[in-house]
Amino acid sequence: MEHFEPEIVAFCCHYCAYTAADMAGSKRISYPSNVKIIRVPCSGKVDAIHLMKALEKGADGVYVAGCLAGDCHFKNGNVRAEARVNRVKKLLTELGWEPERVAMFNMSAGMGEAFAQVAKEFTETIKKLGPSPGRTGAMDKAAS
Amino acid sequence: MQMNQNSENILSKDRRVLVIGGGVGGIRAALDLAESRRNVLLIDKSYAIGGLMTQLDRTFPTNNCDLCTVSPHLSQGGREKYLEIKPMTRLTGLDGEAGAFSATLMTEPRYIDTEKCTACGECAKQFPDAVRFSPGLDPRAPTCMRYPQATPFAFSIDMSKITDVEALKKVCKAGAILPEDQPRKTVMDVASVVLSVGADLFDPNVLDNFGGGQFDNVVTGLEYERIMSASGPFQGNLVRKSDGKRPKKVAWIQCVGSRGINRADVPYCSSVCCMYALKEAMVTKERFGEDIETTIFFMDMRTHGKGYEEYFNRARDEYNVRMVRSRPHTILEKSETKNLSIAYAVEDKSVQQNEEFDMVVLSTGFRVNCETKELAQNLGIQLNEHDFAESDHFNPVLTSRPGVYVCGVYESPKDIPETMVQASAAAAMAATNLPVSPAGLNGEDMFPPERDITGEDPRIGVFVCDCGFEIGGVLNVVNVLDAVKTRPDVVVAEPVGYGCSSESMAKIEAMITKHKLNRVVIGGCSPRTHETKFQDLLRRVGLNRYLVEMVNLRDQNTWTHMNEPEKAQEKAVKLLQVGIAGVRTNHPLREHTLPMNQNALVVGGGITGMTAALKLADQGIKTYIVERAPSLGGLARSLRKTIEGDDVAPFVQNLVDAVTAHSNIQVLTRSVIVDHSGMPGLFKTGIQTGVRMNYMQINHGVTILATGALANRPPQYGLGTIDNVMTQLDMDSLLADDPEKIQAMDQIVMIQCVGSREEGNPNCSRICCQAAVKNALKVKAISPDTEVFILYRDMRTYGFLEDYYRKARDLGVKFIRFSLENRPRVRQDDGELVVGTHDYVLDSDIDIAADCVVLSTGLVADDENTEDLALMFHLPRTEDHYFLEDHVKLRPVDMAQRGFFLAGTAHSPKVIRECITQAQAAAGRAQTMLAKKEINLGACVAVVDEKKCASCLICVRVCPFDVPFINADGVSQIDADKCHGCGVCAGECPAKAIQLLAYEDDQILAKLDGLFER
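Residues numbered from 1 in each chain as written. Chains lettered and ligands numbered in written order. Predicted model: local features only at pLDDT ≥ 70, side-chain atom pairs only at ≥ 80, totals over all residues.

Moving on, we get to the overall build of chain A. Counting its regular elements, chain A contains 6 helices and 4 strands. Helices (α) and strands (β) of chain A occur, in sequence order from the N terminus, as β-α-β-α-β-α-β-α-α-α. Taken over C-alpha atoms, the radius of gyration comes to 15 Å for chain A, in line with the 15 Å a tight globule of 144 residues would show. Oriented by its inertia axes, the alpha-carbon framework of chain A measures out at about 45 × 35 × 20 Å. Within chain A, contacts between residues separated by at least 24 positions form 78% of all contacts whose residues are at least 6 apart in sequence. (Helix = DSSP H or I, 4+ residues; strand = E, 2+ residues; numbered from the N terminus. Rg over C-alpha atoms; globule rule 2.2 N^0.38 Å. Contact = placed C-beta atoms within 7 Å.)

What follows is the structure, encoded as structure tokens:
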């Protein structure tokens, strides 16, 4: 456990979160390198299946980062994303997984600090939870 | 047309604009003109375009590397069909008048055939014996490329330094050497001229007190940039020239040669040196060690630009850059260590101090050189007392000669964002009355037909940039490539240096062709800034633009994990795996276009909005001005005089009259925006207008935000509670309306930075120092015996405003500094107003009796208004509630949301002439978009697999734009022309019948596979 480096996938919307991540870079704000970003046009594009598959394939935690409430470039994609994340949380609970392994965050394009902060906090949360049951084979048990 | 080898006359019905000077300003102006389909010729006296900016290491306030931000602009310059570039060319005469000039140009011999030169560098290797690259520090090559991304991409030779011409010819395998090359004269018809020649930097070698150029470890700010630059003399290693060791203690001395009246000094402020010194100090700590001590000796810290005060605070508080308020008078060199001793005095101690440093950087400012004075003479334009171009008070891009426009530093000292704004403004002015050239090839037609890759197995090329030290300084690029080159379908994996340079692009193109690649992964910076560039590269070699994936190894890896190189290395490999796995599933996509609405909406009817609207309307564009107040004019209505002494009211009235009378402008006062929909080029905005608040909808293709800012009135120092405490705006009115009241006053005290540069409103309001000086001068003019005290924190009379500050001191206006920790106190003693403050020179508290106290309260963002509009239009704002432009350095007028442009005080506080310039720039930028006539909607749209669709109506319900419907066949239909490409429907569709192209499920899952491949 002491040297556990989690694998974390962040689905970031192009207009806010992905830009905020770039902003964190240009301000040279560091955050854990565990976080790997996959860019999507809108957080509302992120399907429940993408979150589940990410966990199944080996992620210890997955989050979706979209625009601030009311600021979505596509009106309400971020609201849909949040609802989906909540559905996946329920699903995980039913499977006996920690629902904290998935999360939704909101930030604006200019919020480089917020991006780094979210990345740090989420990584800490996952570190405390330990490796995902998917990695340790618990997935099969849960599914059976 | 060619008459003989050395002389040609170009007469053309398609008149063009001549842009003189190929720095960032000239490039921006030329590109704007070309994008709005005007023919342009860009000339530069140098052998490559790029100007001063290409020599900088990084730029404030983002601390980005310059080359990677400017090079896309440069090679864009090489691409535009309406744009011709002539380097090594000067203007020697300009006859005729606006609209019908005849320009005489002289082109120096390059001795290299640019068509043949492949820039292999052999000649440079064989003849490396002269200096031409970085100022004073880099002894290299008579044949010289200025920087790795040079345009044109060819060398040039200083023939006077070559003794054996035959040997030189032999070296060049391409046969590009032209020993007999001659100067060429061209006479050409031009409609207008844009002057963007910049200025030189002051040469401090004339200053004996600073070593007269004899001390190895005293360098100028620009030399320091070159030392830190990856393309500089020490390959980006910060070392002392004397012993090659890294300095431990570096000092910057500000205002060297500026803001002085001694023999070598100029009196004006160069506007940029405070910011560049802060930047250099921060980058020094960031890149070369936290423990390097950095000290800046300054007189006034002038960080008056947008967000610059926060940058200054960051330098002082987070980077621990030491700030010493002093103007040192001597530097002495220690003969044994070559260390430097600076002698200086600080204001509260009368004794001189000596302090030793390893390296000293002289922050030198702008100077007009003799060549430019000669050019001005050839152009027949007037110069101001400092030899810069004299410009119109209200319209700074107008020179004294009609048809000749000026922008950038040659108008007055300024930084890059302001230069970009002025360049777009000058381009917009130069294009007035110049007909649009017939539409030629559109973007896509310039490329070869696409190769059909159906049935081919994926053949992937992986190319990774080092971006100088930005990536290469943290990652071992070769090892990263080794780790991914065995991935399935990867055919080549190569490092490409600066991947965005013409050289590397050519290399990548050649490898795509040679290895018959059909997929490409670029590991480099952010796709947000560079994806289009690499997509274009694919199109040039006949591949569909959607067959490339950009992997963000810089902004999201090396920049954030610079202190953990091993982790960055590991992450880079994984990110590349994601890119490789993703690109394997990519397939060719087709983009959709729609005709664009040609109307413009201008939000805000102040000076800025009216100026922008007039500029657009004059070009035949139907323009709507929406103003919430009952009348036009905005904040300028409450202003009487400018610092130049011009009356504001008649100027505003003229604008109002012109706007109201214009047949292409519809003015809607008492109007508020209530809804907004559509997409860039096809916007629909709903307003409620008039006393009855009638609803109407405006269709428009572009939007200009000119909503202004608010005059600040914070309840400080008794404002609103004590009589005779007023703002500078109140004083401005009083001076105009009741001069006798001023004459009856004995003492007036002004207090600066009220409600600015403090918690709640951290940035500088920019306008207040000049407002105080303006009003102080006016007081002195009306009533010479009235004493005026200005209590300030830093006097920020940037550029030529410094002249007014000096004049005020000459007239006896007393300037007393205070600090934020020890602010002045306004009180009433027996009904008398008294201001108490600490005088740092006397080192004691003093009381000043005042007949009135004038507070410099500046501007604050119109939070409520910008918030409403930001929500409606989906636009980002800064933390202090101004609108946030797309790129603070290079795109200061464009918003990230296409079709939106920003001008005036809605962007940040600025004076009237700066608002007018930005308004013209916004109108110009809007025209470049309207000139395209159609909008590209991209290829990222949702498509329905009819076989899977169960007509469940979920997509119909969830689409934020009501696009899907159930068609006659009973299945969901999504029109590509209407789809915004968010993918919400694809995310919700229970049958997985909808895919968002370019972000299809199998592509996202493949990326996840790539990430977790071991």
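With that settled, the discussion passes to the interface of chain A and chain B. Between chain A and chain B, the contact holds 39 residues from the first and 48 residues from the second. When residues in the side of chain A that touches chain B are grouped by element, the largest group, 6 residues, is from helix α1 (residues 17-26) of chain A. Class assignment of the residues belonging to the side of chain A that touches chain B gives a composition of 14 nonpolar, 14 polar and 11 charged. (Nonpolar A, V, L, I, M, F, W, Y, C, P; charged D, E, K, R; others polar.)

A word on the environment of H73(A). For H73(A), the position within the fold is in the loop between β3 (61-66) and α3 (77-95). A C-alpha to C-alpha distance of 18 Å links H73(A) and A83(A), two positions 10 residues apart in sequence. Once you skip the residues sitting within four places of it in the chain, H73(A) turns out to touch Y15(A), C42(A), C67(A) and H874(B).

What follows concerns helix α22 (residues 863-873) of chain B. Residue and element names in this part refer to chain B. Within α22, the full set of buried residues consists of N865, T866 and L869. The buried residues of α22 occupy one face: seen down the axis, they fall within an arc of 90 degrees. For α22, the elements touching its buried residues are β27 (600-603), β30 (671-679) and β43 (859-861). H874 sits one or two residues past α22 and shows a positive phi near 60 degrees. (Buried ≥ 20, exposed ≤ 12 C-beta atoms within 10 Å, placed from the backbone. Arc of directions from axis to C-beta.)

All names here are of chain B. Overall, antiparallel pairing links the 3 strands, which are arranged β30-β31-β32 in an open sheet. Of all the strands in the sheet, just β30 and β32 (694-700) have a single pairing partner and so form its edges. Strand-to-strand twist of the sheet, defined as the mean angle between neighbouring strand axes without regard to direction, takes the value 20 degrees. (Pairing = 2+ DSSP bridges. Axes fitted to C-alpha atoms, helices over the stretch in contact; angles between N-to-C directions.)

All names here are of chain B. Of all residues in chain B, 91% have pLDDT values of 70 or greater, and the mean over the chain is 89. Every residue in residues 1-5 is under pLDDT 50, and counting partners more than four places away or in other chains gives 6 contacts. Considering only residues more than four positions removed or in separate chains, one finds that residues 130-149, a stretch of pLDDT under 50, has 69 contacts. On the interface metric, ipTM, the complex scores 0.95, and its pTM is 0.81. (pLDDT = per-residue confidence, 0-100.)

Residue and element names in this part refer to chain B. Sheet topology note: the strand β31 (residues 682-689)/β32 ladder contains 7 bridges and is antiparallel. Its bridge partner lying in β32, Q688 is registered against Y695. The hairpin formed by β31 and β32 contains 4 residues between the paired strands, and G690 there has a positive phi angle of roughly 80 degrees.

Counting residues in hydrophobic clusters, the biggest one holds 217 residues, and the most contacted among them are Y405(B), A426(B) and I704(B). Ranked by the residues each element gives to this core, the list is headed by helix α9 (residues 416-431) of chain B, at 11 residues. With sequence-adjacent residues up to four places away left out, A426(B) is seen in contact with A29(B), V194(B), V397(B), Y405(B), V406(B) and C407(B). Counting 118 residues, the second largest nonpolar core, distinct from the first, contains Y18(A), A21(A), I460(B) and L537(B). (Core = buried A, V, L, I, M, F, W, Y, C linked by C-beta atoms within 7 Å.)

Hydrogen bonds between backbone atoms are what pair the strands of a sheet, whose relative direction is either parallel or antiparallel. Residue and element names in this part refer to chain B. Taken in spatial order, the 3 strands of this open sheet run β39-β40-β41, and their pairing is antiparallel. Both outer strands of the open sheet, β39 (825-829) and β41 (844-850), are each paired with one neighbouring strand and no more. When strand polarity is set aside, the average angle formed by the axes of neighbouring strands in this sheet is 30 degrees. Where strand β40 (residues 832-839) lies against β41, 7 bridges are found, and the strand directions are antiparallel. The residue bridging T837 from the neighbouring strand is I846, located in β41.

All right, on to the environment of T857(B) then. All names here are of chain B. Take T857: it is sitting in the loop between β42 (852-855) and β43. For T857 and M726, which are 131 residues apart along the polypeptide, the C-alpha to C-alpha distance reads 9.5 Å. Contact partners of T857, with chain neighbours within four places excluded, come to A711, N712, R713, P714, T727, V754 and G755.

Our focus in this paragraph is the pairing of strand β22 (residues 460-464) of chain B. Residue and element names in this part refer to chain B. Taken across its 5 residues, β22 has 5 buried, putting it largely inside the fold. Neither face of β22 is open: one carries I460, V462 and V464, the other G461 and F463, and all of them are buried. When β22 meets strand β23 (residues 490-495), the two strands line up parallel, connected through 5 bridges. Counterpart to V462 in the pairing with β23 is A493. By the bridge criterion, 5 bridges tie β22 to strand β24 (residues 519-524) in an arrangement that is parallel.

Time to look at the packing of α9(B) against helix α23 (residues 912-930) of chain B. Residue and element names in this part refer to chain B. Two elements in contact, α9 and α23, have axes whose closest approach is 7 Å; the angle formed by their N-to-C orientations is 65 degrees. In terms of orientation, α9 lies roughly perpendicular with respect to α23. Crossing hand, α9 versus α23: left-handed. Facing α9, whose interface residues are V421, Q422, S424, A425, A427, A428 and M429, α23 presents T917, Q918, Q920, A921, A923, G924, R925 and Q927. Split by residue class, the contact of α9 with α23 holds 7 nonpolar, 7 polar and 1 charged. (Parallel < 35°, antiparallel > 145°, perpendicular 65-115°, else oblique. Left-handed = near helix turned anticlockwise from the far one by under 90°.)

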